[in-house]
Amino acid sequence: MSTKANQALTTGVTLNNGVHMPWLGLGVYKSKEGQEVIGAVQTALQLGYRSIDTAAVYRNEEGVGQGLRQSGVPREEIFVTTKVWNADQGYESTLQAFEASRKRLGLETIDLYLVHWAVSATYRETWKALVHLYKEGHVRAIGVSNFQISHLEHVIEDTGIVPAVNQVEYHPELSQKELLTYTREHGIQLEAWSPLMQGRLNQPELAQLAAKYGKSAAQIVLRWDIQHGVVTIPKSVTEHRIRENADIFDFELSAEDMALVDALNINKRIGPDPDHVTF
């Protein structure tokens, strides 16, 4: 990976509270606790990544913390995201869950803390707890994950605090145009989880674009994310994939080719429907 690509990994968006967040990060969902996740985090940081996304329910926060420390990259250069799990939601229990995550990560401050899902009975109180953590200076930015427009409206109405980020399932087959428009209009940064559709990238249109640009189908999709103004966090534990996923800053999709990828949308979810959270 070139020095230019390395430098591009530090580029990002300014969130609605002035905090800088990189466009591309490493997701660690299903990365095994221990050497697997430690190695993935170290590799990504040494290749120039500066954003790592984990969650309490991934059960690998300790390994992420070790990877951060062993990478040799100064803490202030790294953007770390974690999330409060559904079973821990509610005001007091969220505060306790945050302390547990902070301890496992070995960090004094979390860069971005998210409500993982909009659990109907508790998400509004959970958001109030995040607002408290933010005001106390324990978190640099707060946001949500898997929130629909109605959920966003509720937490904004309750607190007057607009989430900095909404991390959702977002990929060519689920491009969530209405949600993307809403978040843009309200200063909420959309972030894509499962951007590569868990590797299901066999659409002929993606193969056609990959050949045209001399890139992989995965690189085409990640570039499409960024050109839509969506932060993206592909998951991998192998060095060549981590390296490949980052090599997306030396080309640009034409408007015509962006529209070609847009046309793949069929509103197909890989994960659960956020309006019906039962876990």
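Our subject is the structure that appears above.
Residues numbered from 1 in each chain as written. Predicted model: local features only at pLDDT ≥ 70, side-chain atom pairs only at ≥ 80, totals over all residues. Heavy atoms only, no water.

Caption draft 1: Quick look at the pairing of strand 8 (residues 165–169). The element strand 8 is extensively covered by neighbouring structure, given that five of its five residues are classed as buried. Looking at chain direction, strand 7 (residues 139–145) and strand 8 are connected through two bridges and run parallel. Within strand 8, the residue paired with serine 145 across the bridge is glutamine 167. Across five bridges, the pairing between strand 8 and strand 9 (residues 189–193) is parallel. Its bridge partner lying in strand 9, valine 168 is registered against alanine 192. In this fold, the crossover linking strand 8 to strand 9 by way of helix 7 (residues 177–185) has right-handed handedness. (Buried < 20%, exposed > 50% of the residue type's maximum accessible area, 1.4 Å probe, protein only. Helix = DSSP H or I, 4+ residues; strand = E, 2+ residues; numbered from the N terminus. Pairing = 2+ DSSP bridges. Right-handed = clockwise from strand over helix to strand, strands pointing away.)

Caption draft 2: Here's a closer look at empty space enclosed by the protein. Across all of its chains, the model carries one cavity of 30 Å³ or more by this definition. Empty space within the largest cavity amounts to approximately 30 Å³. Considering the residues around the largest cavity, the lining is formed by Asn146, Phe147, Gln148, Val168, Glu169, Gln176, Arg269 and Pro274. Across the lining of the largest cavity, the residue classes tally to three nonpolar, three polar and two charged. (1 Å grid on protein atoms, 1.4 Å probe; cavity = no way out; pocket = protein on both sides within 12 Å on 5 of 7 lines; lining within 4 Å. Points joined across faces, edges and corners; volume = space filled by probe spheres on them. Nonpolar A, V, L, I, M, F, W, Y, C, P; charged D, E, K, R; others polar.)

Caption draft 3: Local environment of the pattern of salt bridges. Applying the stated criterion to the full structure yields 14 salt bridges. Between aspartate 111 and arginine 75 there is a salt bridge, with the nearest N and O atoms lying 2.8 Å from each other. Residue aspartate 111 is found in strand 6 (residues 110–115), and its partner arginine 75 is found in the loop between helix 3 (61–71) and strand 5 (79–84); the two are separated by 36 residues along the sequence. Under the relative-accessibility criterion, aspartate 111 is labelled buried at 3%. With relative accessibility at 28%, the residue arginine 75 sits in the partly exposed group. Two residues, arginine 241 and glutamate 244, come together in a salt bridge whose shortest N-O distance is 3.4 Å. In this pair, arginine 241 and glutamate 244 are both assigned in helix 10 (residues 239–246), three residues apart and thus about one turn of the helix distant. Of the residues examined, arginine 241 reaches a relative accessible area of 40% and is grouped as partly exposed. Look at the salt bridges and you will find they share partners, linking Arg75, Asp111 and Arg140 into a network. (Salt bridge = Lys/Arg side-chain N within 4 Å of Asp/Glu carboxyl O.)

Caption draft 4: Local environment of the sheet that holds strand 6. The sheet built from eight strands is open, its strands ordered 3-4-5-6-7-8-9-10 with parallel pairing. Lying at the two open borders of the sheet, with one neighbouring strand each, are strand 3 (26–27) and strand 10 (231–232). Contacting strand 5, strand 6 and strand 7, helix 5 (residues 123–135) crosses the sheet at an angle of about 165° to strand 7. (Contact = heavy atoms within 4.5 Å. Axes fitted to C-alpha atoms, helices over the stretch in contact; angles between N-to-C directions.)

Caption draft 5: Inspection of unusual backbone geometry at higher detail. Phi at lysine 30 is positive, roughly 65°, even though this residue is not glycine. In this structure lysine 30 comes out as exposed when scored by relative accessible area, which is 59%. The phi torsion at glutamine 176 lies on the positive side, around 45°, for a residue other than glycine. Structurally, glutamine 176 can be placed in the loop between strand 8 and helix 7. Overall, glutamine 176 belongs to the buried group, its relative accessible area being 13%.

Caption draft 6: Spotlight on the layout of surface pockets. The volume enclosed by the largest pocket comes to roughly 800 Å³. In this structure, the largest pocket is lined by 34 residues; those nearest its centre are Tyr29, Trp193, Ser194, Gln198 and Lys235. Of all the secondary structure elements, the ones that give two or more residues to the lining of the largest pocket are helix 9 (217–227) and helix 10. Among the elements that take part in the lining of the largest pocket, helix 10 stands out by supplying three residues, more than any other.

Caption draft 7: The arrangement of helix 2 (residues 35–46) in detail. With twelve residues, helix 2 extends 16 Å between its outermost C-alpha atoms, agreeing within 8% with the 16 Å of an ideal straight helix rising 1.5 Å per residue. Judged by how many residues are buried, helix 2 sits mostly within the fold: nine of twelve residues are covered. Those residues of helix 2 that fall on the buried side of the exposure criterion are Val37, Ile38, Gly39, Ala40, Val41, Gln42, Thr43, Ala44 and Leu45. At its buried positions, helix 2 is contacted by strand 3, strand 4 (51–53), helix 3 and helix 10. (Expected span 1.5 Å × (residues − 1).)

Caption draft 8: Local environment of the side chain of glutamate 191. If you trace the backbone, glutamate 191 turns up in strand 9. Of the side chains bearing the opposite charge, lysine 83 lies closest to the buried glutamate 191, which forms no salt bridge; the N-O distance is 7.2 Å. At 3.2 Å, the side chain of glutamate 191 forms a polar contact with the side chain of glutamine 167. Among residues more than four places away in sequence, those in contact with glutamate 191 are Met21, Asp53, Leu112, Val165, Asn166, Gln167, Val168, Val230, Val231 and Ile233. (Lys, Arg positive; Asp, Glu negative; His and termini not counted. Polar contact = N/O pair within 3.5 Å; in protein donor to acceptor, adjacent residues only side chain to side chain.)

Caption draft 9: Representation of the pairing of strand 7 in the model. With respect to burial, strand 7 is a largely interior element, six of its seven residues being buried. Across five bridges, strand 6 lies against strand 7 in parallel orientation. Across the sheet, the residue bridging to leucine 114 is glycine 143, located in strand 7. Of the crossover connections in this fold, the one passing from strand 6 over helix 5 to the parallel strand 7 is right-handed. Each parallel crossover has a hand, and for strand 7 linked through helix 6 (residues 149–159) to strand 8 it is right-handed.

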